[in-house]
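Read off the chains here:
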Amino acid sequence: QVQLVESGGGLVQAGGSLRLSCAASGRTFDRNAMGWFRQAPGREREFVAAINWNSDSTNYAASVKGRFTISRDNAKNTVDLQMNSLKPEDTAEYICAYDTYNFGLPGSRAYDYQYWGQGTQVTVSS
């Protein structure tokens, strides 16, 4: 089992920045990938960004590319999401995800991931 705990959400004005963090604990898998998804009320969960086990491959949704940056620290078992130039449409609950085995580009589909965090709320005001 892998446990994921997110932190760093909050309220920010449009154009501002936030940094989310996700800490993984429990069992670890060598070739894992970690990602972020988001879900707004009444909408389906959507992919945001993902990173593979050694940080040499990342994947971003078109809507956040150039504004968000995903990174990880394997020594701390954490993955961060730096979000800049935030827009009101970025408002959602942001959820960390863990894929126990990844080869190549980290996945962008929810079913690529086996473990999920509880989420942290990000609200961007206009």
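Thresholds applied
Residues numbered from 1 in each chain as written. Predicted model: local features only at pLDDT ≥ 70, side-chain atom pairs only at ≥ 80, totals over all residues. Heavy atoms only, no water. Pairing = 2+ DSSP bridges. Helix = DSSP H or I, 4+ residues; strand = E, 2+ residues; numbered from the N terminus. Axes fitted to C-alpha atoms, helices over the stretch in contact; angles between N-to-C directions. Buried < 20%, exposed > 50% of the residue type's maximum accessible area, 1.4 Å probe, protein only. Contact = heavy atoms within 4.5 Å.

Student: Please set out the sheet that holds strand β1 (residues 2-7) residue by residue, giving values where relevant.
Tutor: Pairing is antiparallel in the open sheet, where four strands are placed in the order β1-β3-β8-β7. At either end of the open sheet lies a strand with only one pairing partner, and these are β1 and β7 (68-73). When the angles between neighbouring strand axes are averaged without regard to direction, this sheet yields 15°. Judged from the six bridges that link them, β1 and strand β3 (residues 18-26) form a sheet pairing that is antiparallel. Pairing of L4 across the sheet is with A24, part of β3.

Student: Go over the side chain of D90 with me, naming the residues and quoting the values.
Tutor: As for its position among the elements, D90 is in the loop between β8 (78-83) and β9 (92-99). D90 gets classed as buried once you look at its relative accessible area, which sits at 1%. With residues near it in sequence (within four places) discarded, D90 still touches R38, R67, F68, S85, V122 and V124.

Student: Run through the environment of F29, naming residues and quoting values.
Tutor: With respect to the element layout, F29 can be found in the loop between β3 and β4 (33-39). Accessibility expressed as a relative area gives 19% for F29, which makes it buried. Once the C-alpha coordinates of F29 and S126 are considered, the two residues, 97 residues apart in sequence, prove to be 41 Å apart. Excluding its chain neighbours within four sequence positions, the residues that come into contact with F29 are V2, Y98 and T100.

Student: Got a sec to walk through unusual backbone geometry? Specific residues and values, please.
Tutor: The phi torsion at N77 lies on the positive side, around 55°, for a residue other than glycine. Topologically, N77 is positioned in the loop between β7 and β8. Among the residues examined, N77 registers a relative accessible area of 33% and is labelled partly exposed. Despite not being glycine, S85 shows a phi value in the positive range, around 50°. With respect to the secondary-structure elements, S85 resides in the loop between β8 and β9.

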